[in-house]
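The primary structure of each chain is shown beneath.
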Amino acid sequence: MPSFRAPRGTRDLLPAERSAFARLESIASDLATRYGYRAIETPLFEQSAVFERGIGEVTDVVEKELFRVAPRTEEAETWALRPEATAGIVRAYLQHGMHVLPPPVKLHLSGPMFRYDRPQAGRYRQFWQWDVEAIGDGGPAIDAEIVELGARFYREAGLPDVEILLNSIGDPVCRPAYIDTLRAHFQSAADRLPPTERQRLASNPLRLLDSKDPAMADLIATAPRLVDHLCGPCDEHFASVRRHLDGLGVGYRVEPALVRGLDYYTRTAFEFYRRGAEGQQQALGGGGRYDGLVELLGGRPTPGMGFALGLDRVVLALEALGASGAQEPASLVVVVGADPAATLERLRIATLLRADGLHARADLAVRKLGRQLESASRDGAHFAVIVGDELATGDVQLRDLAAGTQRPIPVVDLARELKRAAASHHHGAAGRG
Ligand code: AMP
């Protein structure tokens, strides 16, 4: 017999974990509504070129981690599974002419992303993100709004210890000169660079600042800082983002080594970490400004700003705190029967209650009444409806499982009575608590 497993780097979200994700998705979608971001869906795969241009060909995400989809021979296009949401959203923005809408166009999306990463704890080949984008506003106020929104998400999710690392990575005016200075700095120690870093020195020296190789730590610490080389407008933008965050009471730490090493990423860059977890490649989320991206995908020059928060790592962090909120709600009521074989009557009454909006389960096991009642209590149900001989005259017994009391009630009154009792049960519970 073959034994099948989920592909390496993927995992099944079993019901408890799926409900922890659902809770995060619902917090995200509620926040998006409050902040005026509208939901969008894009395909799970796009033409590869959308990512090659939209993320950049000299990034790990595209060079090493893109899940390419082998085309059927008659298809001319090549596709890839989406490794992130921004490129696809900007493609949709352009395709549907959203540039005629009043800016900024505020969109959000949550769903699975795919990267051919080396799997490890908190790093998967299929993972979930909540993505927020504001297209058409150059900031700096929108930058602060988005950073604050991300921080609020973690608080509402139940992670109080999330820190914001903030930086400005300049723009095509000031960055080239800085990159020359940076290249000279690393060039002076070229013989000490690990091989991959030596390659990056030629192709993309900014990426060296991002290196997690311990051999690089000293060189990174002494490297010239981009924040000291910003042009006037970028410097003013960064100061204003900080002023807006200060004015909102949002705490952050300026982290000069935080970079996104591509030309169309501009100015604001930020990441979220749990306190003490920086540098462990365990960012909870991150984002920034991408004023060059819309143009790169074929539109007119249009600023953009957004973030992507990884939901898997939030669920893991909440589980570590014992607070994933993954409780399955118990049924309010279980329909049980004196005649073990009379499953149709139990199912029929449960169906009536469900049609009325109640959270009801029928015990469909052919077993004695006592066993059915035990199981209902064990499941945490508040009430049992006991179906017996009185059904002939339209009645059942309604049993309060906690109080151990029961009384006859006409089936036609059951839903109304259960709703009333559930409400007072809740108030009673709250009153006691
Ligand atoms: P990035 O676009 O790489 O900045 O990713 C944004 C967020 O998505 C990260 O901060 C992580 O929380 C999450 N993330 C990225 N890659 C993975 C992965 N392979 N597995 C799980 N989460 C990931």
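Throughout what follows, the structure given in this document is the object of discussion. Predicted model only: the values in this text are computed from it and were never measured. (Residues numbered from 1 in each chain as written. Predicted model: local features only at pLDDT ≥ 70, side-chain atom pairs only at ≥ 80, totals over all residues. Heavy atoms only, no water.)

Below, the discussion takes up the site of the ligand. Lining the immediate surroundings of the ligand are 14 residues, of which Arg 115, Tyr 124, Gln 129, Ala 283 and Leu 284 lie closest. Bound to the protein, the ligand loses 88% of the 480 Å² it would expose on its own. At the level of elements, β6 (126-135) and β11 (304-310) are the ones that each hand at least two residues to the shell around the ligand. Grouping the constituent residues of the shell around the ligand by class yields five nonpolar, four polar and five charged. (Near = heavy atom within 4 Å. Areas by Shrake-Rupley, 256 points an atom, 1.4 Å probe, with all protein chains shown as cover. Helix = DSSP H or I, 4+ residues; strand = E, 2+ residues; numbered from the N terminus. Nonpolar A, V, L, I, M, F, W, Y, C, P; charged D, E, K, R; others polar.)

In this section: helix α6 (residues 175-187). When the terminal C-alpha atoms of α6 are compared, their 18 Å separation across 13 residues agrees well with the 18 Å that a helix rising 1.5 Å per residue should span. Restricting attention to buried positions, one finds in α6 the residues Arg 175, Tyr 178, Ile 179, Leu 182, His 185 and Phe 186. The buried residues of α6 occupy one face: seen down the axis, they fall within an arc of 115°. Where α6 is buried, its residues meet α7 (195-203), α8 (217-221) and β9 (266-274). (Expected span 1.5 Å × (residues − 1). Buried < 20%, exposed > 50% of the residue type's maximum accessible area, 1.4 Å probe, protein only. Arc of directions from axis to C-beta. Contact = heavy atoms within 4.5 Å.)

As a further point, take the side chain of His 185. Tracing the backbone through its elements, the reader meets His 185 in helix α6. The residues touching His 185, leaving out its near neighbours within four places in the chain, are Leu 219, Thr 222, Ala 223 and Pro 224.

Here we take up the pattern of salt bridges. Within the structure shown, the criterion is met by 27 salt bridges. The partner of Asp 312 in a salt bridge is Arg 11, with the nearest N and O atoms 2.8 Å apart. Of this pair, Asp 312 sits in helix α11 (residues 311-320) while Arg 11 sits in the segment before α1 (15-35); the two residues are 301 residues apart in sequence, bridging distant segments of the chain. Residue class for Arg 11 comes out partly exposed when judged on its relative accessible area of 21%. A salt bridge links Asp 171 to Arg 267; the nearest nitrogen and oxygen atoms lie 3.7 Å apart. In this pair, Asp 171 is assigned in the loop between β7 (162-168) and α6 and Arg 267 in strand β9, connecting sequence segments 96 residues apart. Each member of the pair, Asp 171 as well as Arg 267, carries the same accessibility label: buried. Several salt bridges converge on common partners, so that one network encompasses Glu 163, Arg 253, Glu 255 and Arg 275. (Salt bridge = Lys/Arg side-chain N within 4 Å of Asp/Glu carboxyl O.)

Ordered by their spatial adjacency, three strands build an open sheet running β2-β4-β3, and the pairing between neighbours is antiparallel. Both outer strands of the open sheet, β2 (45-47) and β3 (68-69), are each paired with one neighbouring strand and no more. Direction of pairing for β3 relative to strand β4 (residues 79-81): antiparallel, over a ladder of two bridges. Of the residues in β4, the one forming a bridge with Arg 68 is Ala 80. (Pairing = 2+ DSSP bridges.)

Turning next to the packing of α1 against helix α5 (residues 141-157). It is the contact of α1 with α5, at a shortest axis distance of 10 Å, that shows an interaxial angle of 145°. Every pair of crossing elements has a handedness; the one defined by α1 and α5 is right-handed. Of the residues in α5, those in contact with Arg 23, Leu 24, Ile 27, Ala 28, Leu 31, Arg 34 and Tyr 35 of α1 are Glu 145, Glu 148, Leu 149, Arg 152, Phe 153, Glu 156 and Ala 157. Among the residues making up the contact of α1 with α5, the classes are represented as eight nonpolar, no polar and six charged. (Axes fitted to C-alpha atoms, helices over the stretch in contact; angles between N-to-C directions. Left-handed = near helix turned anticlockwise from the far one by under 90°.)

Attention now goes to the sheet that holds β7. If you walk across this open sheet you meet the eight strands as β1-β5-β6-β11-β10-β9-β7-β8, and the pairing is mixed. The outermost strands of the open sheet, each flanked by one partner alone, are β1 (38-39) and β8 (253-254). As defined by bridge partners, β7 adjoins β8 across two bridges and the pair is classed as parallel. Counterpart to Leu 165 in the pairing with β8 is Arg 253.

Cis geometry marks the peptide bond from Pro 103 to Pro 104; its omega dihedral reads -5°. Mapped onto the elements of the fold, Pro 104 is located in the loop between α4 (86-95) and β5 (105-114). A cis geometry characterises the amide bond from Gly 139 onward to Pro 140, with omega recorded as 5°. Mapped onto the secondary structure, Pro 140 falls in the loop between β6 and α5. For Arg 267, which is not glycine, the phi dihedral falls at a positive 55°.

The two faces of a sheet get side chains in turn, since along a regular strand they alternate between them. In terms of burial, β7 is largely enclosed, as seven of its seven residues are buried. Residues Val 162, Ile 164, Leu 166 and Ser 168 line one face of β7 and the alternating positions Glu 163, Leu 165 and Asn 167 line the opposite face, and both faces are buried. Here β7 pairs with β9 via seven bridges, running antiparallel. Bridging from a neighbouring strand, Ser 168 pairs with Thr 268 of β9.

This next bit is on the side chain of Arg 115. Tracing the backbone through its elements, the reader meets Arg 115 in the loop between β5 and β6. One buried charged residue, Arg 115, forms no salt bridge at all, with the nearest opposite charge on Glu 65 at 4.8 Å. A distance of 2.9 Å separates the side chain of Arg 115 from the backbone oxygen of Pro 83, its partner in a polar contact. With near-sequence residues (within four places) excluded, Arg 115 lies in contact with Val 61, Glu 65, Phe 67, Pro 83, Glu 84, Tyr 124, Arg 125, Phe 127 and Gln 129. (Lys, Arg positive; Asp, Glu negative; His and termini not counted. Polar contact = N/O pair within 3.5 Å; in protein donor to acceptor, adjacent residues only side chain to side chain.)

Nonpolar side chains tend to gather and get buried jointly when the protein is soluble and globular. In this structure, Trp 130, Phe 153 and Phe 186 are the most contacted members of the largest nonpolar core, which totals 85 residues. Considering every element that reaches this core, the biggest residue donor is α5, with nine residues. When residues no more than four places from it in sequence are discounted, the contact partners of Phe 186 are Leu 193, Leu 201, Pro 205, Leu 208, Leu 209, Met 216, Leu 219, Ile 220 and Ala 223. Listed in part, the 22 residues of the second largest apolar core include Val 333, Ile 349, Ala 350 and Leu 414. (Core = buried A, V, L, I, M, F, W, Y, C linked by side-chain atoms within 4.5 Å.)

Looking now at the packing of α5 against α11. A pair of packed helices is captured by two measures, namely the crossing angle of their axes and the spacing between those axes. Remark: α5 packs on α11, axes separated minimally by 11 Å, with the N-to-C direction vectors making an angle of 35°. The two elements α5 and α11 cross, and the hand of that crossing is right-handed. Where α5 approaches α11, its residues Phe 153, Tyr 154 and Ala 157 are matched on the opposing element by Leu 311, Val 314 and Leu 318.

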